[in-house]
Amino acid sequence: MNAFPLVRLLPVDTSFQFIRMRVGAFILSLVMILGSVGAFFAFGLNLGIDFRGGTVIALSTAPEPADLGEIRTALSDLNLGDVQVQEFGGPSDVLVRVAMVDVATAERVTGQPVEDFEAAQQAARRAVQAVLNEALANVEYLSVEVVGPQVSGELVVAGTTAVIVALFLMLLYIWFRFEWQFSVGAVLALIHDVVLTIGFFAVTQLEFNLPTIAAILTIVGYSMNDTVVVYDRIREMFRKYKTKPTPEVLDIAINATLSRTILTSGTTLVAIVSMAVIGGPALEGFALALIWGVAIGTYYSIFVAAPLLTLTGVKRDSGEDDGARVHAG
Amino acid sequence: MLYFPPWKTVLILAVILIGFLFTLPNFVPESVRYDESGRAQGAWSVLPNQTVNLGLDLQGGSHLVFQVDLDEVRQDRLSNLQDDVRSLFRRTPPILSAPPAVIEDRVVVRLTDPEDMSRALQRLDEINERVTGTGGQAGTARTLRIQGDPDGRTITIQITDAELDSIRQRTVRQSISVIRRRIDGMGTTEPVIARQGDDRVLVQVPGESDPQRIIELVGTTARMTFHMVESGVDVGSDCRARTPPGIVIYPSDDPNEPCLAVQRRALVTGEQLNTAGQSFDENGQPVVAFTFNQSGARAFGEATSRNVGRRFAVVLDDVIITAPVIRSAILGGSGIIQGNFTVRSATDLATMIGAGALPARLTPIEERTVGASQGQDSIERGQIAILIGFGLVIVFMWLAYGYFGIVSTAALITNVFMLLGALSGLQATLTLPGIAGIVLTIGMAVDANVLIYERIREEWRNGRTLASAIENGYNHALSAILDANITTFVAAAVLYMMGAGPVRGFAVTLGIGIVTSVFTAFVFSRLIIATWLRVMRPKSLPM
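Residues numbered from 1 in each chain as written. Chains lettered and ligands numbered in written order. Predicted model: local features only at pLDDT ≥ 70, side-chain atom pairs only at ≥ 80, totals over all residues.

Asker: Explanation requested: the overall build of chain A in the structure shown.
Answerer: When helices and strands are tallied, chain A shows 11 helices and six strands. The C-alpha radius of gyration of chain A comes to 26 Å, more than 25% above the 20 Å expected for a compact globule of 329 residues. Its C-alpha atoms give chain A principal-axis dimensions of roughly 85 × 50 × 35 Å. Looking at chain A as a whole, 47% of its 329 residues qualify as buried. Counting contacts in chain A only where the partners sit at least 6 residues apart, residues at least 24 apart contribute 76% of the total. (Helix = DSSP H or I, 4+ residues; strand = E, 2+ residues; numbered from the N terminus. Rg over C-alpha atoms; globule rule 2.2 N^0.38 Å. Buried ≥ 20, exposed ≤ 12 C-beta atoms within 10 Å, placed from the backbone. Contact = placed C-beta atoms within 7 Å.)

Have a look at this one:
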């Protein structure tokens, strides 16, 4: 009958007492949130080219390894202001970042009149490439990006709007889906995820770019769904065990969804880890953000979301109708 | 719910088959699908034959966004208006006034005699035309708002919003068609030239790794004119000497002769050109060869026959390219421009003047170029990441659910094929973040299966029969599956609407992936399990 040996990756019946750990979890979450806010104000975000504008050039000196010092010296003669030279990927791959330059600087390095702030960025890119062509015997440009002040300004607005609109729609969904005691937990889940992800970027100083916004929204969507699954089960358990005390019912519900929560997080994590390891430097920051997000989303739905209900209090008999609507049958 | 009527089974399998068919072209080399002339051959002329559309970050190429400078166009329109007012007032019987002036966005003219007000307004009405609509037809709105001020002497003329809008539409449309002709002249395959927003033009050229070439080709106005040189006029040591009326000083490309004084009025303009191409002169130097149209040939013939022995200047965007001496009248309507050219710069110049001048200045405001090797590298890494992620998820599911894990593997494979099929069929663009979206979808797609299996296990432990446990498992898991996917779909939809380029590619794969994963997990895997139940008649739950 069984073509496969019955491998039990996870125990069938668990009865962890998550509610008893709630104080620790609340403190941990609070510390992480405060730490994130602190890190954001202390270190700031390492905004990438999409939001800050400027020039990013990825080049390869293959087959020889790149001499970063040589490139730095050559570029520092240009005196362009904020220029970063770093290795990325392999030993012969170099990333050169140039912050936006003003018109006067652009005119100085090119020796030609420059029309406006937008044209200055193009001029800076040309000057940098000219220097690199001269300094390096063998150079292949892997990618060259120049984003002017207008576009970067618009991308900041678009990125912020995207996050706000998405959060608003999620709130609408929560409002439609839950009674208020549950809503508090779900809304806090949103705040928890967004704040901690931003904190993650502040602490690691990974580049914060347009794909990062995509990562944040994906994390929010993912973690919202984790929380919804747990809350759904809680409502169902409240109907089933009418006389049991609330903390006990909450524990039963968390344990009932535990293997699902862990399995889904597990498969999602292994997929993203393969993306982080193999996907190359272009996807690294994106993948790391997702890994972090899935981890904190899972943590929140197990350790914080349900225990929060002991604080907000749940009207157990009124929840019945709502629950019945969702789980007919 | 576990009973599938035959039509339903057929429908489900048909949907999957269609998904596979749309995916198939991605695994068949182009030479098999298309004949030499690029047409689908054999069975491929009936079957779907398009592969996934790779974004520039994957296939390599240049992506540029240009801002169309409309301020300049509006300023031109205002100074023309100023000239119009001046000549209207000069017509007999003349209307006396102070010279009309351009003040910010309006032309202001002050009459000497307030008595002339109504006569002036009447005359000005002649130039107040109807706005041309997008189809070229005359609309109802007027181009100008002409107002006599309450002081009885001042007249203010403004360009109406309708006319400004029409100017903007026209300028951007003309720019796009000029750019298209220029880029086509480069001989690249499948460039994208499209309007973006109100006053921007997006130019994407796959395979071009030198954005500077595109910037020069697109960002050059290429207004070419021919002028007579005034050799008697002193240009001064810094080329800034005061010139008599009708004479201007233009800088020159020639280092021995930094500038020349020429007549302001052009003999012929680039609009009177018929064709232009790159060629070689008798010394083997690259040159631009051109032919005039009839009116250009006549004008140029007359001018050259009257001015033998003098010089004329070929001026491109207010810079003199060359200023040869006229040896004899040029009557054939064709000629060459000699200058300091390489083959490529001569080709590009010929392309630009042949395609016509741009109606406005275009400034690059965003530039992203990816080398072809980098794109290929990303594709390879992406494929490996997808395969490994896929393998790990399958192993994970087998370990957790044994036999049912295989069902979810089948669902997952179908899911990836349908996702690729949808991307190919819809011709959505696959970007690097899009590949990340596929990997993420693979990881999350099993969630629906997990929810169902967990539920089935639970129902089975609660003592239901196998069929009823499975039936209940599916029914109970539905709302959670929908919840899970709605929230992620909301995130994908918002990203699609707000995002640009690569991020949009992520939103597309994530969004399509959600739809295909719900289908495969909830519909397809249920069909498998229902069939398994019917055929094997198992007595216990094999997980």
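Asker: When you look at the overall build of chain B in this model, what are you seeing that I'm missing?
Answerer: Within chain B, the regular secondary structure consists of 14 helices and 21 strands. Structurally, chain B occupies a C-alpha span of about 110 × 70 × 40 Å along its principal axes. Taking the contacts inside chain B whose residues are at least 6 apart along the sequence as the reference set, 69% of them involve residues at least 24 apart.

Asker: Looking at this model, I keep getting lost on the packing of helix 6 (residues 161–185) of chain B against helix 9 (residues 343–355) of chain B. Mind explaining?
Answerer: When two helices pack together, you describe them by how their axes are tilted relative to each other and by the distance separating the axes. All names here are of chain B. At a closest axis distance of 9 Å, the pairing of helix 6 and helix 9 adopts a crossing angle of 150°. For the element pair helix 6 / helix 9, the angle class is roughly antiparallel. Remark: the crossing between helix 6 and helix 9 carries right-handed chirality. In this structure, helix 6 uses Val178, Arg181, Arg182 and Gly185 to contact helix 9, whose residues at the interface are Thr351, Met352 and Ala355. (Axes fitted to C-alpha atoms, helices over the stretch in contact; angles between N-to-C directions. Parallel < 35°, antiparallel > 145°, perpendicular 65-115°, else oblique. Left-handed = near helix turned anticlockwise from the far one by under 90°.)

Asker: How should the sheet that holds strand 17 (residues 312–316) of chain B be read in this particular structure?
Answerer: Where strands meet in a sheet, backbone hydrogen bonds hold them as pairs that are either parallel or antiparallel. Residues and elements named next belong to chain B. Strands sit in the order 14-11-17-18 across an open sheet of four strands; the sheet is antiparallel. Looking at which strands have only one partner, the edges of the open sheet turn out to be strand 14 (268–269) and strand 18 (319–322). Direction of pairing for strand 11 (residues 224–228) relative to strand 17: antiparallel, over a ladder of five bridges. Note on strand 17: the bridge partner recorded for Thr225 is Val315. (Pairing = 2+ DSSP bridges.)

Asker: Which parts of the structure should I look at to understand helix 7 (residues 180–204) of chain A?
Answerer: Owing to its 3.6 residues per turn, the α-helix brings residues three or four apart onto one side. A rise of 1.5 Å per residue sets the reference length of helix 7 of chain A, with its 25 residues, at 36 Å; its end C-alpha atoms lie 36 Å apart and thus fit the reference within 8%. In the segment just after helix 7 of chain A, Gln205 of chain A is the residue with positive phi, at about 60°. (Expected span 1.5 Å × (residues − 1).)

Asker: Any chance you could explain the environment of Ser60 of chain A here in plain terms?
Answerer: Residues and elements named next belong to chain A. Inspection of the secondary structure assignment puts Ser60 in strand 2 (residues 54–60). Distance from Ser60 to Leu210, taken between C-alpha atoms, is 24 Å for residues 150 residues apart in sequence. If we ignore the near neighbours within four places in the chain, the residues touching Ser60 are Ser92, Asp93, Glu140 and Leu142.

Asker: Is there a simple way to explain the domain arrangement of chain A in this structure?
Answerer: Size of an interface, as often reported, equals the accessible area lost when the parts are brought together. When cut into domains, chain A gives domain 1 (19–48 + 152–326) and domain 2 (54–147). Centre-to-centre, using C-alpha coordinates, domain 1 of chain A lies 40 Å away from domain 2 of chain A. (Domains from an automatic or database assignment.)

Asker: Quick question: what am I supposed to make of the interface of chain A and chain B here?
Answerer: On the chain B side, the residues contacting the 66 residues of chain A number 62 residues. Counting only elements with at least two residues in the side of chain A that touches chain B, the list comes to helix 5 (117–135), strand 5 (140–147), helix 6 (149–177), helix 8 (210–240), helix 9 (246–278) and helix 10 (281–312) of chain A. Tallied by class, residues from the side of chain A that touches chain B come to 41 nonpolar, 19 polar and six charged. (Nonpolar A, V, L, I, M, F, W, Y, C, P; charged D, E, K, R; others polar.)

Asker: It is not clear to me how the domain arrangement of chain B should be interpreted in this structure. Could you clarify?
Answerer: Its domain assignment divides chain B into domain 1 (6–55 + 371–536), domain 2 (70–167) and domain 3 (225–332). Just the C-alpha atoms count here: the centres of domain 1 of chain B and domain 2 of chain B sit 63 Å apart.

Asker: How do you make sense of the packing of helix 3 (residues 68–76) of chain A against helix 5 of chain A when you look at a structure like this?
Answerer: Residue and element names in this part refer to chain A. Between helix 3 and helix 5, whose axes approach to 10 Å, the crossing angle comes to 135°. Judged by the inter-axis angle, helix 3 sits oblique to helix 5. Crossing of helix 3 against helix 5: the hand is right-handed. Here helix 3 contributes Glu70, Ile71, Ala74 and Leu75 to the contact with helix 5, which in turn contributes Val128, Val131 and Ala135. Taken together, the residues of the contact of helix 3 with helix 5 break down into six nonpolar, no polar and one charged.

Asker: Would you explain the nonpolar core in this entry?
Answerer: One recurring pattern in soluble globular proteins is that nonpolar side chains are buried together. Among the nonpolar cores identified, the biggest contains 213 residues, and Val439 and Leu495 of chain B are the most heavily contacted of them. In terms of residue count, the dominant contributor to this core is helix 10 of chain A (18 residues). Those residues in contact with Leu495 of chain B that lie beyond four places of it in its chain are Ala162, Ala214 and Leu217 of chain A together with Val503, Phe506 and Ala507 of chain B. Residues Leu81, Val107, Leu144 and Ile157 of chain B belong to the second largest nonpolar core, which totals 11 residues. (Core = buried A, V, L, I, M, F, W, Y, C linked by C-beta atoms within 7 Å.)

Asker: What am I meant to see in the sheet that holds strand 20 (residues 362–370) of chain B here?
Answerer: As summarised here, the arrangement of the eight strands in space is 3(A)-4(A)-2(A)-5(A)-20(B)-2(B)-10(B)-9(B), forming an open sheet in which the pairing is antiparallel. With partners counted over all chains shown, the strands left at the sheet margins are strand 3 (83–87) of chain A together with strand 9 (192–196) of chain B, one partner each. On average, adjacent strands in this sheet sit at an angle of 20° to one another, irrespective of strand direction. Bridge count between strand 9 of chain B and strand 10 (residues 200–206) of chain B: five bridges; the pairing is antiparallel. Considered in strand 10 of chain B, the bridge of Val192 of chain B is made with Gln204 of chain B.

Asker: Is there a simple way to explain the pairing of strand 4 (residues 93–98) of chain A in this structure?
Answerer: Each regular strand shows side chains that alternate between the opposite faces of the sheet. Residue and element names in this part refer to chain A. Two strands pair when backbone bridges link them, and strand 2 and strand 4 are joined in this way by six bridges, in the antiparallel orientation. For Ala58, the partnering residue across the bridge sits in strand 4 and is Leu95. In this structure, the hairpin formed by strand 3 and strand 4 is closed by a connection of five residues, where Gly89 is found at a positive phi of approximately 70°.

Asker: I keep staring at the pairing of strand 8 (residues 154–159) of chain B and nothing clicks. Help me out?
Answerer: All names here are of chain B. Note: strand 4 (residues 106–110) against strand 8, five bridges, orientation antiparallel. What sits directly across from Val109, in strand 8, is Ile155. What sits between strand 7 (residues 144–148) and strand 8 in their antiparallel hairpin is a turn of five residues, with Gly152 showing a positive phi close to 80°.

Asker: Which parts of the structure should I look at to understand unusual backbone geometry?
Answerer: For residues that are not glycine, phi is negative in most cases, and the peptide bond is trans in most cases. Residue Ala62 of chain A is joined to Pro63 of chain A through a cis peptide bond whose omega torsion reads 5°. Note that the residue after Thr92 of chain B, namely Pro93 of chain B, is joined by a cis bond; omega there is -5°. Inspection of the secondary structure puts Pro93 of chain B in the loop between helix 4 (70–90) and strand 3 (101–103). The phi angle at Asn79 of chain A is positive, at roughly 55°, despite the residue not being glycine. Along the chain, Asn79 of chain A falls in the loop between helix 3 and strand 3. Phi at Asp317 of chain B is positive, roughly 50°, even though this residue is not glycine. Along the chain, Asp317 of chain B falls in the loop between strand 17 and strand 18. The partly exposed category is assigned to Asp317 of chain B, around which 16 C-beta atoms lie within 10 Å.

Asker: Mind showing me how you'd approach the environment of Pro542 of chain B here?
Answerer: All names here are of chain B. Relative to the helices and strands, Pro542 resides in the segment after helix 14 (501–536). Since 17 C-beta atoms lie within 10 Å of it, Pro542 is described here as partly exposed. Taking the C-alpha atoms as reference points, Pro542 and Asn485, separated by 57 residues in sequence, lie 28 Å from one another.

Asker: Explanation requested: the environment of Val15 of chain B in the structure shown.
Answerer: With respect to the secondary-structure elements, Val15 of chain B resides in helix 1 (residues 6–23). A sequence separation of 442 residues divides Val15 of chain B from Arg457 of chain B, and the C-alpha atoms of the two residues are 29 Å apart.

Asker: In this structure, what is going on with the confidence of the model for chain B? I would like to understand it.
Answerer: Reading predicted coordinates in detail is not appropriate for stretches of low pLDDT. All names here are of chain B. Per-residue pLDDT for chain B has a mean of 86; in total, 98% of the residues score no lower than 70. Taking the mean pLDDT of every element in chain B, the minimum, 71, falls on strand 6 (residues 138–142) and the maximum, 92, on strand 2 (residues 61–68). Both confidence scores are given for the complex: pTM 0.81, ipTM 0.84. (pLDDT = per-residue confidence, 0-100.)

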